[in-house]
Amino acid sequence: MANTLMNSTLPHQALPENSAEEPQDSLNESGEWNAENDGDSNGQATPDKNGSQNISNNQTPLQTHSPSRSRSHSRSRSASRNSNRSVNGSDEEATHTRDENEEDESQEESAALSLSLTEEELSSLFQRGMCLLHGVGTDRDLPQAFSCFLDAAQCDYAPAKNMVGRMVLFSIGTRDDPNTAVIWFREAAEQGDTDATNAMGLIFELGACNVKPDMSTAAQYYQVAAKKGNHEAMTNLAYFYEKGLGVPRNFKAAYNWYLQAAQLGNPRAMNNLGTMYLQGRGITVMEDEAFHWFLQAAIQNHTIAIIHLGFMYEVGCFVDENLDMACDLYSKAASLGDTNGNLQLGRLKIKTGEQREGIDVLNKACLNGNYEAHLILGELYQSGWPGTQPNLEIARSHFLEAAQNNIPKGLVRLGVLCYTSGLENEIPLAFSCFSRAATIGDPEAQVILGELYRDGIGTEPSQAEAEKWFSLAAGQGEPWGMYNLGQMYENTICPDPQQHADLLKKAWLWYRRASDAGHQPSQDKLQMWPHPPVWFLPSSTTTTPLSGTAKISGEALWPNTNKTPTSSRSSAGEL
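A few points on the structure. The model shown is predicted, which means the values in this text are computed figures rather than measured ones. Here the residue index of a chain counts from 1 through its sequence in written order. Given that the model is predicted, a residue must reach a pLDDT of at least 70 before its local features are reported, and side-chain atom pairs must reach 80 or more before they are shown or counted; all residues, however, enter totals for whole chains, interfaces and linings. Remark: hydrogens and water are excluded; side-chain values derive from all non-hydrogen atoms of the structure.

### Examining the overall build of the protein chain
And then number 1: Strands are runs of DSSP state E lasting at least two residues, helices are runs of H or I lasting at least four, and both sets are numbered from the N terminus onward. Looking only at helices and strands, one finds 26 helices and 0 strands in the protein chain.
And then number 2: Residue burial is assigned from relative accessible area. The probe radius is 1.4 Å, only protein chains are included, and a residue is buried under 20% of its type maximum, exposed over 50%, and partly exposed in between. Put simply, the protein chain has 575 residues, and 49% of those count as buried.
And then number 3: Every residue pair with non-hydrogen atoms within 4.5 Å of one another is taken to be in contact. Of the contacts formed within the protein chain by residues at least 6 apart in sequence, a portion of 57% connects residues at least 24 apart.
And then number 4: Carbon and sulfur atoms make up 48% of the accessible area of the protein chain, which amounts to about 27100 Å² in all. For accessible areas, the Shrake-Rupley method is used with a probe of radius 1.4 Å. Any residue's cover is judged against the shown protein chains and nothing else.

What follows is the structure in structure tokens.
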């Protein structure tokens, strides 16, 4: 497998001294990492861009502070406190000092005891901590569980260090301390604990524990743990190869790591492997294999895989179309707490004419913060359905809910609603919505914003700004961006014959690219202009067709609401 990481040693990355933000909730109380993204409305993690103050490059984290060695200094600290406070002569302070001394002596006795434990005894102490943590065979006692892990960790027992790091990070049975947590993880990782090594990868990926995000370092940690057989690290490394995060994009490498992790029973890897088979990402499309891996992940209650199975039954992919089965699978995902299950169930009910039931289900998804559900409901109320009239006020409220959370499609839909209202005072809001969505990177909004600049609607006319936004949309494969660029170049009047010829060349090329992408107006244009200028011989160009368009002036064909399977970044995942 192609690999840019040449060694399997742990990366030595400077860690921060000072706190900046609270860590991301990437770990549950059971001590299991949930690698949430992140975002995108694309399923990808978005690390914090703000840096934090770091230790100097020639100083390792362990030189700065080592928790497992801290108790050896407790007696000297105690003596110092006692000496300082005795000067005051206060009975109250003396009593407080005696209490602290007794606590320090108790800690020293505990440390001395842990240092004498054998490997077998440390393992037993660790298992007792796990039982207390999960309430297995005894009452759940988080502080006592932490005490067991800490005693074992003080004796350099790597798995216990990993658990101390997790509990310290999220205040499970103790106070939170992100800076100390990352040092525990680092110590455990250096001793070969693959769970801690994977945790370090997540810390650098997400920018948790006040560590500056670094995808390259995260990839190195994942690779070290993956090579030692950790299936979570295998899945994370595969995702990095699939998306090109910290390593060059390599679908073959992604497939190989997903396959290894899936064979070890990792449900995220199974789901993402099924997605690669269904979409043919780096491999031949094999719907039977996709169904197989989605099913295996669904058996483990992986909600994204359950939804993907529902999609295959809904559209008749590999299996016969069965809408009842699709509804059951979407309902199952919803019952497991995935709001995307409600989203797909509500969408399917509306698709099959059960609008009222679908609206009720989508409202449940909205209450749980699913902004895709707001978009579907907004479009439904905007257009109306059989037996009802459009309700633009309710549609606007749904679009506004999504727009206020910077959901690009929510901004676009709200902008279109304001623009088409016919009210002059709504134009500034429409322009603002399109501008925000275009800046986020939505190609539909970029085309519309380009049209507003071109026509001087809501702003001063600017051909340069129009060309800029059309070009950005075209660069993302948006046919309307290509078409509008073609129009701009064709209609530009230039007195210089050679410059005018060059503009016509550009125009014909953009029409050709949009036509290759299945854009009907561009195809109509080329019927009237079937050949390029005789002095121009264009190179072969092809583009991948898109399912949507971004034209605002009556020719819009809004993107399809049906979802195709995607790779999941985490157990919570993305649709």
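### Describing the pattern of salt bridges
And then number 1: In what follows, salt bridge is the name for a side-chain nitrogen of Lys or Arg lying within 4 Å of a carboxyl oxygen of Asp or Glu. Enumeration over the complete set of coordinates arrives at 18 salt bridges.
And then number 2: Across the pair Glu-314 and Arg-347 runs a salt bridge, and its minimum N-O distance is 2.8 Å. Separated by 33 residues along the polypeptide, Glu-314 in helix H14 (residues 303–315) and Arg-347 in helix H16 (residues 339–351) bring together distant segments of the chain. Across this residue pair, the class does not change: Glu-314 and Arg-347 are buried.
And then number 3: Because the salt bridges share partners, they merge into one network encompassing Glu-379, Lys-409, Arg-413, Asp-442 and Glu-444.

### Digging into the environment of Leu-392
And then number 1: Its place among the elements puts Leu-392 in helix H19 (residues 392–403).
And then number 2: The class of Leu-392 is partly exposed, set by a relative accessible area of 46%.
And then number 3: Along the backbone, Leu-392 and Leu-380 are 12 residues apart, and their C-alpha atoms lie at a distance of 9.9 Å.
And then number 4: Apart from the residues lying within four places of it in its own chain, the contact partners of Leu-392 are Gln-382 and Leu-417.

### Observations regarding the packing of aromatic side chains
And then number 1: Only Phe, Tyr and Trp rings are paired, with Trp represented by its six-membered ring, and only when their centres lie within 6.5 Å; those with planes under 30 degrees apart are stacked, over 60 edge-to-face, the remainder tilted. All told, the structure shown has 12 aromatic pairs when counted by the stated rule.
And then number 2: Centre to centre, the rings of Phe-126 and Phe-149 are 5.4 Å apart; their planes meet at 55 degrees, and the pair counts as tilted. Taken together, the residues span a long stretch of sequence, with Phe-126 in helix H4 (residues 119–134) and Phe-149 in helix H5 (residues 142–154) at a distance of 23 residues. Here Phe-126 matches Phe-149 in class, with each residue buried.
And then number 3: Ring-pair connections join several aromatic residues into one group, and the members of that group are Trp-480, Tyr-483, Tyr-511 and Trp-529.
And then number 4: Over the ring of Tyr-489 we find Lys-506, and its NZ or CZ is 5.3 Å from the ring centre. Only when the NZ atom of a Lys or the CZ atom of an Arg is both within 6 Å of the ring centre and within 35 degrees of the ring normal do we say a charge sits over the ring.

### Notes on helix H26 (residues 520–528)
And then number 1: The complete set of buried residues in H26 reads Ser-522, Lys-525 and Leu-526. The buried residues of H26 occupy one face: seen down the axis, they fall within an arc of 95 degrees. Opposite the buried face of H26, by more than 90 degrees, sit the exposed residues Gln-527 and Met-528.
And then number 2: Buried residues along H26 sit against helix H24 (479–491) and helix H25 (497–516). Arc definition: it is the arc formed by the directions from the helix axis to the C-beta atoms.

### Examining the environment of Cys-418
And then number 1: Residue position: Cys-418 is located in helix H20 (residues 408–419).
And then number 2: Given a relative accessible area of 0%, Cys-418 falls into the buried group.
And then number 3: Put simply, Cys-418 and Phe-431 are 13 residues apart on the chain and 9.1 Å apart in space, counted from C-alpha to C-alpha.
And then number 4: With residues near it in sequence (within four places) discarded, Cys-418 still touches Arg-396, Glu-426, Leu-429 and Ala-430.

### Structural notes on the side chain of Asn-266
And then number 1: Mapped onto the elements of the fold, Asn-266 is located in the loop between helix H11 (251–263) and helix H12 (267–279).
And then number 2: Residue Asn-266 is classed as buried on the basis of its relative accessible area of 0%.
And then number 3: Side chain to side chain, Asn-266 and Thr-235 meet in a polar contact 3.4 Å long.
And then number 4: Setting aside residues no more than four positions away along its own chain, Asn-266 makes contact with His-231, Glu-232, Thr-235 and Ala-261. N or O atoms closer than or at 3.5 Å make up a polar contact, with two conditions inside protein: a donor-capable atom paired with an acceptor-capable one, and, for residues adjacent in sequence, both atoms drawn from side chains.

### A look at the environment of His-231
And then number 1: Relative to the helices and strands, His-231 is located in helix H10 (residues 231–243).
And then number 2: Residues His-231 and Ala-269 lie 38 residues apart in sequence; the distance between their C-alpha atoms is 8.5 Å.
And then number 3: Excluding anything up to four places from it in sequence, His-231 contacts Ala-261, Leu-264 and Asn-266.
And then number 4: At 2.8 Å, the side chain of His-231 forms a polar contact with the side chain of Asn-266.

### Regarding the packing of H10 against H11
And then number 1: Direction vectors running N to C along H10 and H11 enclose 160 degrees, while the axes themselves pass 8 Å from each other. Between H10 and H11, the angle is such that the two are roughly antiparallel. Relative to H11, the crossing made by H10 is left-handed. In this structure, H10 uses His-231, Met-234, Thr-235, Leu-237, Ala-238, Tyr-239, Tyr-241 and Glu-242 to contact H11, whose residues at the interface are Phe-251, Ala-253, Ala-254, Trp-257, Tyr-258, Gln-260 and Ala-261.
And then number 2: Lys, Arg, Asp and Glu make up the charged group, whereas Ala, Val, Leu, Ile, Met, Phe, Trp, Tyr, Cys and Pro make up the nonpolar group; the residues left over, Gly among them, are polar. Considering only residue class, the contact of H10 with H11 consists of 11 nonpolar, 3 polar and 1 charged. To obtain each axis, a line is fitted to C-alpha atoms, and for helices this fit is confined to the stretch in contact; angles are then taken between N-to-C directions over 0 to 180 degrees. Throughout this description, any angle smaller than 35 degrees is read as roughly parallel, any larger than 145 degrees as roughly antiparallel, any in the 65 to 115 degree range as roughly perpendicular, and the remainder as oblique. By the definition used in this description, the sense in which the near helix is turned from the far one sets the handedness, with an anticlockwise turn below a right angle giving left-handed and a clockwise turn giving right-handed.

### Looking at unusual backbone geometry
And then number 1: For Cys-209, which is not a glycine, the phi torsion comes out positive at approximately 55 degrees.
And then number 2: Turning to its location among the elements, Cys-209 is positioned in the loop between helix H8 (194–206) and helix H9 (215–227).
And then number 3: When its relative accessible area of 0% is taken as the criterion, Cys-209 is described as buried.
And then number 4: Its identity as a non-glycine residue notwithstanding, Asn-210 has a phi of 65 degrees, on the positive side.
And then number 5: Along the chain, the position of Asn-210 falls in the loop between H8 and H9.

### Notes on helix H6 (residues 158–169)
And then number 1: The length a helix should cover is 1.5 Å for every residue beyond the first. Given a rise of 1.5 Å per residue, 12 residues ought to cover 16 Å, and the 17 Å separating the end C-alpha atoms of H6 matches this to within 8%.
And then number 2: Elements that come into contact with the buried residues of H6 comprise H4, H5, helix H7 (178–190) and H8.
And then number 3: Of the residues flanking the end of H6, it is Ser-171, one or two places downstream, whose phi is positive at about 55 degrees.

### As for the side chain of Asn-340
And then number 1: Note on placement: Asn-340 falls in helix H16.
And then number 2: A polar side-chain atom of Asn-340 sits 3.1 Å from a polar atom in the side chain of Asn-370.

Purely spatial values, then, with no claim about function.
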